[in-house]
Each structure stands twice: as C-alpha cells, then as structure tokens.
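Chain by chain, the residues run as shown.
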Amino acid sequence: ISDASVPILNAEGKYIGSLGILQEITERKRAEEDLRIERALLRTLVDHLPVAVYVKDTAGRKTLVNPMDARNLGVASEAELLGKTDFDILPREQAERFRQDELHVMQTGEPMLNRDEFITRPDGTAAWLLTSKVPLHDAAGHVTGLVGIGMEITEQRKAMEQLHKLARAVEQSPTSIVIADRDGNIEFVNPKFTRVTGYTAEEVLGRNPRILKSGETPVEEYKGLWETLSAGREWHGEFHNKRKDGTLFWESASISPVRDAAGKITHFIAVKEDITEQKMTQAKLLRAQRVESIGSLASGIAHDLNN
C-alpha cells in the first residue's frame, strides 16, 4: 500500500490537520518485480550466449555489450566498449564501412543478415565475424538504434579456404580421381577422368567403375582388389580398361578406403594415371630386346655350324 498525506488548512491558511491517502499498489509492485526478473533473465541470457550481442544508439555508440562481444573485439571487458563507437576500436577504414552499413539499417529499417565482416583487433590480430544487424524501435515506432549479433568464424573461414584449395587441386590434378560409395557407385570424378575415358561426369555418376572393364584384366585381380579394400587396406595395381569409344588404355591405380569419424569405411577414392604410352614404350623395348636376343642366338648358332 502507498501511504500519502495532504495538509488541511483553515480559511486563514492555518494548519489544522492532514488528510491521509491510502492506495493499493499490489499490481504495480508485482508488475515491477516481473519486469525486474525479466530484465535479469534477459541479461543472464545475453551474457552467456556463445555469440556477441550489442546495442548501439543512432550515433553508433554502444549502450549494451556482452562478454563475447568484448572477446571478439579483443578487449578485456565490456566496460571498455560502453559509450564507444567502432572508430574508437577499429581501423578507420573498417569502422567507416560498418558505420555506413548501420546507417542504412537505421534509415531504411531493413535488417542486414549474415554478412561476413573482416576486422583487425587493437592488438593487430585479424578475425572474421558473421554479423546480423536489425533496427531498434521505441514505443512510438521511431528508430533509436540497432541490435547487432556477431559470431566469430575465423577458423571456419580457414577451413573453407583449405577445402577450396583442395577442390581446385582435385579439379586441376593431372591424374584421374574417382570417389565411390561402399558399393562402388561413383559419386565424383574430376575433369582428367573425363578426358581420359571419354565419359562425362553425368554419364558415370551413380554407375559402377565396371563400365570401364575391357575383359583384359583377370578376374582374380578384381577379387584381390575388393578383399584388400574391404580389409581397410590400400590397393595398388594396373588396369587394362576401355574408353567410351572402345579403345583400350592402361591405368596405374591407387585405391584407398575413406573412413568417417567413427572409423567406419564410407567411401573409396581412386587416383589413377594413364600409362598407355609407358606400356607401349616398354613393349617396344621388349620387342627390341627379343630381336637382339634372337640375333645373338642366330649368330651363335651360325658360328657353331661354321666350326
């Protein structure tokens, strides 16, 4: 209950007593307590989120930050950021870019979602953040600032760059690369494979590598291949295969099992090299050696006959 009193004066203005006013404020107190609890809950949530959360006013000053925001920006505490703008923390070029983005959000009312932002921290280290910014309105609907959410993705960016490098290396590899599932169905081939075999990627995806069989490779060779791979070991060998146009070619291959995090074999990857020219050169050399041997034998026989 809220207790208030009002003085009572007579006609001459002399105090003669007071009037007490009692007002029940149970609901107001309950509402205030509920609001306090909600604010405490919201603050606890904001402080423990694994992403940066901050609020800026229309001048770009931070009015609320959480520990992750301080960590992302490389400062010791949230207090160092309150009242500061990006110009106080980041290089001017970066701060200017972020300010332009924020002005656009506040002036148009359109949120900026999931944008990669590069920052240089005060200590000189660099980082990438995945950032979203949305306008903040008051009860009358006027824009009073914005709310930002940022998640550091530096390691993810590095991992993606490594994957891109690997993808480019596979695409530009001078050897044929084939990835198949556990049943041997092709899931990926690189451009070198299509140039060597004459098949396009669309023609072989989902099919078994047996489409390259020429009948020249012994059945025992394939049996040994699958026994080796099923045992989780790498297989090395040669195939006498057939291109799409029917011509034969030789390949030297290394096939390895690919395992998941639990160690289970999920795929097989084959790295193959066209060795047709080497085989032809070897065949010519063998023929020359045989002719030379036969010549030597004939010469020896003739010499013996002469004797």
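Since we're looking at a predicted model, the values are computed, not measured.

Cut-offs used in this document
Residues numbered from 1 in each chain as written. Predicted model: local features only at pLDDT ≥ 70, side-chain atom pairs only at ≥ 80, totals over all residues. Heavy atoms only, no water. Helix = DSSP H or I, 4+ residues; strand = E, 2+ residues; numbered from the N terminus. Buried < 20%, exposed > 50% of the residue type's maximum accessible area, 1.4 Å probe, protein only. Contact = heavy atoms within 4.5 Å. Core = buried A, V, L, I, M, F, W, Y, C linked by side-chain atoms within 4.5 Å. Pairing = 2+ DSSP bridges. Axes fitted to C-alpha atoms, helices over the stretch in contact; angles between N-to-C directions. Salt bridge = Lys/Arg side-chain N within 4 Å of Asp/Glu carboxyl O.

**Some remarks on the overall build of the protein**
From N to C terminus, the protein includes eight helices and 12 strands. By residue count, 30% of the 307 residues in the protein fall in the buried class. When contacts within the protein are restricted to residue pairs at least 6 apart in sequence, those whose partners lie at least 24 apart make up 35%.

**Quick word on the nonpolar core**
If you look at the biggest cluster of nonpolar residues, it comprises 18 residues, and the most contacted ones within it are Val204, Trp235, Phe239 and Ile255. Put simply, the parts of the chain that give this core at least two residues each are strand 9 (186–189), helix 7 (219–230), strand 10 (235–242), strand 11 (248–259) and strand 12 (265–274). With near-sequence residues (within four places) excluded, Phe239 lies in contact with Thr217, Tyr222, Leu225, Phe249, Trp250, Glu251, Ala253 and Ile255.

**Structural notes on the pairing of strand 6 (residues 126–137)**
Where strand 5 (residues 112–120) lies against strand 6, seven bridges are found, and the strand directions are antiparallel. In the sheet register, Met112 faces strand 6, and the bridge partner there is Lys133. Linking strand 5 back to strand 6 in an antiparallel pair, the connection comprises five residues, with Gly124 at a positive phi of about 95°. As paired elements, strand 6 and strand 7 (residues 143–152) share nine bridges and run antiparallel to each other. Opposite Lys133, over in strand 7, you have Gly148 as the bridge partner.

**Considering the sheet that holds strand 9**
The strand order across the open sheet formed by five strands is 9-8-12-11-10, and the pairing between neighbours is antiparallel. Each having just a single partner strand, strand 9 and strand 10 make up the two edges of the open sheet. Going from strand to strand, the sheet's axes swing by 30° on average, the running direction of each strand aside. Bridge count for strand 11 against strand 12 is nine bridges, and the pairing is antiparallel.

**Re the pattern of salt bridges**
Applying the stated rule across the entire model yields 14 salt bridges. Among the salt bridges present, the one from Glu102 reaches Lys56, with a minimum N-O distance of 2.6 Å. Here Lys56 lies in strand 3 (residues 52–57) and Glu102 lies in helix 3 (residues 92–108), a separation of 46 residues in the sequence. Taking the shortest distance from any N to any O, the salt bridge between Lys244 and Glu203 comes out at 2.6 Å. One end of the pair, Lys244, is in the loop between strand 10 and strand 11; the other, Glu203, is in helix 6 (residues 201–204), with 41 residues separating them in the sequence.

**Quick look at the sheet that holds strand 4 (residues 62–65)**
Reading across from one edge, 4-3-7-6-5 is the order of the five strands in this open sheet, with antiparallel pairing throughout. Two strands close off the open sheet at either side, each with one partner strand: strand 4 and strand 5. On average, each strand axis in the sheet is tilted by 30° relative to the strand beside it, whichever way the strands run. Alignment of strand 3 against strand 7, held across six bridges, turns out to be antiparallel. When the sheet's bridge partners are listed, Tyr54 is paired in strand 7 with Gly148.

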